[in-house]
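# A look at the structure
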Amino acid sequence: STYKVFTGNMTAATTTTTTTTSTDLTHCEIHVDQSQDITSHIFGHRYYDLSIFLKCKGVPKYLEDDSNVELITTIICSDTRQPLSSDDVEFDHNPCRFNQSGHTSTRFMITGVFSSPQHQLYRIQCVVANSPMVKPWISDAFAVVQYKFGAVRDLCLIDGDKWYKDEGGKTNFLHLRLGLFNHREQHIKVRRNVEFEVELVYEADHSRVRNQEILRVESDQSYVLQHTNGAIDIRFKIEQVSSHHQRRRFQLKVSSRRDASIGPCLSRPILVLSKRNKPRKPLNAMSPQKQKEVVTKREKRKLLSMASDHNNNNNMSDVGQVKQEMVVAQNGHRDAVSTATAAAAAAPSSQPQRLRLGQLDTTRKRKKRKLNAHTHSQLKSDTTAISSMPANSAAHSAAAILSEYGMVKMEAVDTDTRRRRRRCHDDWRQQEGASSNGDDEEEDEDSGDNVRTSLLECCAV
């Protein structure tokens, strides 16, 4: 069959006659593995490799030995889709033939166009010859540059990517030494000053961080790379932790303001944290008294956890037995506590009951809330009644006394509740039994209502 092949001058198509074997390429697609060096900005006068696969429904296409399936690669302008001439681009192995496993490779180098004063964008296009059923592959747009910004001395981070913003005080800045590099990755000096700008981006997709105010650069920072030095130090810090940004890592992007022949660069990924947690002090480094307190807390925590597990399984031990274990734990006898706990877990109770170590406190708090709500509602009604009475009447004075008594009563009840709570807590520790003292509170409430009734009768008189 006859087809057109772009060889030599890419603008001139030469007709070549080649005998090919008919190969079914239905549902086939072109997959290109670009080199990691191919980014949004690539160097001129430097070769870049392309590894290309012909796949059918995601699986590499198997081709016969006598099949001559070839791939044509071109560099086109992003807006006009016109191919570059041979003076601006060079290829190795173009067209290139697919092997039996459906793989081929080529490489290209762009020359001359990086001197353009504007940001001209280009794309890579791969087409299977004489196979209109295979969709052409087109890359993302990229620019060609002569130099790139780079790190002469990169960031100093902890564990590869961590930086703690709340350590070191006001002088805690990240240091990046910036310079220019050519296509051979060599640090160079140019004969002109280069103005640049910085911004904060995310590592995953290099998208710009919306709130750029979290990037704080040192106040006396210069944004001009002098030709005499060839390098400049950038001191900056990030004011927010990565957890506020879905735990994404940041990168500092440095780009030229006016020179299109200089490409940008990205710093190392930065995971911003607040501060490091202090390591726990080992027991053998503590005083005997401190060791006893730490062991007591740990055993108490362990017993509470076991009690919670017992509640979930409806296989509870006696409340008094658990209290006894708590007392033993507070005395520091770890072996006795472990033995008693294991025995309680192994011997289920004949009458399972729900164990609540904080049941007494819960009942007391419920009654306290009920009493406070009742008192506040009475005070609110008294205040409304006082506002409707004449200012100098006897009823107004009596009602004011009643309202003041209600406030004093509420404070007295709160004080009495705290006193009973402490007494109940002490009784619980001494294993003398615990009582909620609910009847006393009800009596206090009843006695308070009787006094209020008497005062209201006086007001009526």
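Look a little higher up for the structure.
This write-up is about the structure you can find in this document. (Residues numbered from 1 in each chain as written. Predicted model: local features only at pLDDT ≥ 70, side-chain atom pairs only at ≥ 80, totals over all residues. Heavy atoms only, no water.)

## Some words on the overall build of the protein
When helices and strands are counted, the protein shows six helices and 25 strands. Each of the 461 residues in the protein was classed as buried or not, and the buried ones make up 35%. The long-range fraction of contacts in the protein, counting pairs at least 24 apart against all pairs at least 6 apart in sequence, stands at 69%. By element, 47% of the accessible surface of the protein is carried by carbon and sulfur atoms, the whole surface being about 27600 Å². (Helix = DSSP H or I, 4+ residues; strand = E, 2+ residues; numbered from the N terminus. Buried < 20%, exposed > 50% of the residue type's maximum accessible area, 1.4 Å probe, protein only. Contact = heavy atoms within 4.5 Å. Areas by Shrake-Rupley, 256 points an atom, 1.4 Å probe, with all protein chains shown as cover.)

## Quick word on the packing of aromatic side chains
Tallied over the full model, the rule gives five aromatic pairs. Measuring from centroid to centroid gives 6.2 Å for Phe149 and Phe196, while their planes differ by 65°, and the two rings are edge-to-face. One end of the pair, Phe149, is in strand β14 (residues 147-153); the other, Phe196, is in strand β18 (residues 194-202), and 47 residues separate them in sequence. Seen in terms of ring centroids, Phe196 and Tyr223 are 5.8 Å apart; in terms of plane orientation they differ by 55°. Their pairing is tilted. Placement of the pair is Phe196 in strand β18 and Tyr223 in the loop between β19 (215-217) and β20 (224-225), with a sequence separation of 27 residues. Sitting over the ring of Phe53, Lys55 keeps its end group 5.8 Å from the ring centre. (Phe/Tyr/Trp six-rings, centres within 6.5 Å; stacked < 30°, edge-to-face > 60°. Lys NZ or Arg CZ within 6 Å of the ring centre and 35° of its normal.)

## Here we look at the side chain of Ser255
Checked against the element boundaries, Ser255 lands in strand β22 (residues 250-256). Note on Ser255: relative accessible area 14%, which makes it buried. Beyond its immediate stretch of four places on either side in the chain, Ser255 contacts Phe149, Glu195, Phe196, Glu197 and Pro264.

## Remarks on the nonpolar core
Counting 33 residues, the largest nonpolar core has Phe149, Phe236, Val254 and Ile270 as its most contacted members. Looking at this core, the element that brings in the most residues is β18, giving five residues. Excluding residues within four positions of it along the chain, Ile270 makes contact with Leu155, Leu157, Asp161, Trp163, Leu174, Phe236, Ile238, Ser242, Arg249 and Phe250. The next biggest cluster of nonpolar side chains, apart from the first, holds 32 residues, and it includes Ile42, Ile52, Ile75 and Ile124. (Core = buried A, V, L, I, M, F, W, Y, C linked by side-chain atoms within 4.5 Å.)

## Quick notes on the sheet that holds β18
Strand order in the open sheet made by the four strands is β20-β18-β22-β24, with antiparallel pairing throughout. Looking at the sheet topology across the chains shown, the edges are occupied by β20 and β24 (265-266). Note that β18 and β22 share seven bridges and pair antiparallel. Counterpart to Phe196 in the pairing with β22 is Ser256. (Pairing = 2+ DSSP bridges.)

## A closer look at a positive patch on the surface
Taken together, the side chains of Arg280, Lys281, Lys290, Lys297, Arg298 and Arg301 present a region of like positive charge at the surface. Along the chain, the position of Lys281 falls in the loop between β25 (271-273) and α1 (288-313). (Patch = residues over 30% accessible without salt bridge, like charges linked within 9 Å, V, L, I, M, F, W, Y side chains within 5 Å. Salt bridge = Lys/Arg side-chain N within 4 Å of Asp/Glu carboxyl O. Lys, Arg positive; Asp, Glu negative; His and termini not counted. Charge placed at Lys NZ, Arg CZ, Asp CG, Glu CD.)

## With respect to the pattern of salt bridges
The tally for this structure, following the rule as stated, stands at 13 salt bridges. Among the ionic pairs, Arg276 bridges to Glu167, the shortest N-O distance being 2.6 Å. Of this pair, Arg276 sits in the loop between β25 and α1 while Glu167 sits in the loop between β15 (162-164) and β16 (174-181); the two residues are 109 residues apart in sequence, bridging distant segments of the chain. Put simply, Arg216 and Glu239 hold a salt bridge, and the shortest N to O gap is 3.7 Å. Of the two residues, Arg216 sits in strand β19 while Glu239 sits in the loop between β21 (231-238) and β22, which places them 23 residues apart along the sequence. Owing to a relative accessible area of 42%, Arg216 belongs among the partly exposed residues under this scheme. Given the relative accessible area of 35%, Glu239 is considered partly exposed.

## Some remarks on the environment of Gly150
The residue Gly150 is located in strand β14 in this model. For the pair formed by Gly150 and Leu176, sequence separation is 26 residues and the distance between their alpha carbons is 9.7 Å. The contact partners of Gly150, leaving out residues within four places of it in the chain, are Arg177, Leu178, Gly179, Phe181 and Cys265.

## Observations regarding the environment of Glu197
Relative to the helices and strands, Glu197 is located in strand β18. For Glu197, a relative accessible area of 38% corresponds to the partly exposed category. For the pair Glu197 and Ser222, spaced 25 residues apart in the sequence, the C-alpha separation amounts to 9.9 Å. Other than its neighbours up to four places away in sequence, Glu197 contacts Lys253, Val254, Ser255 and Arg257.

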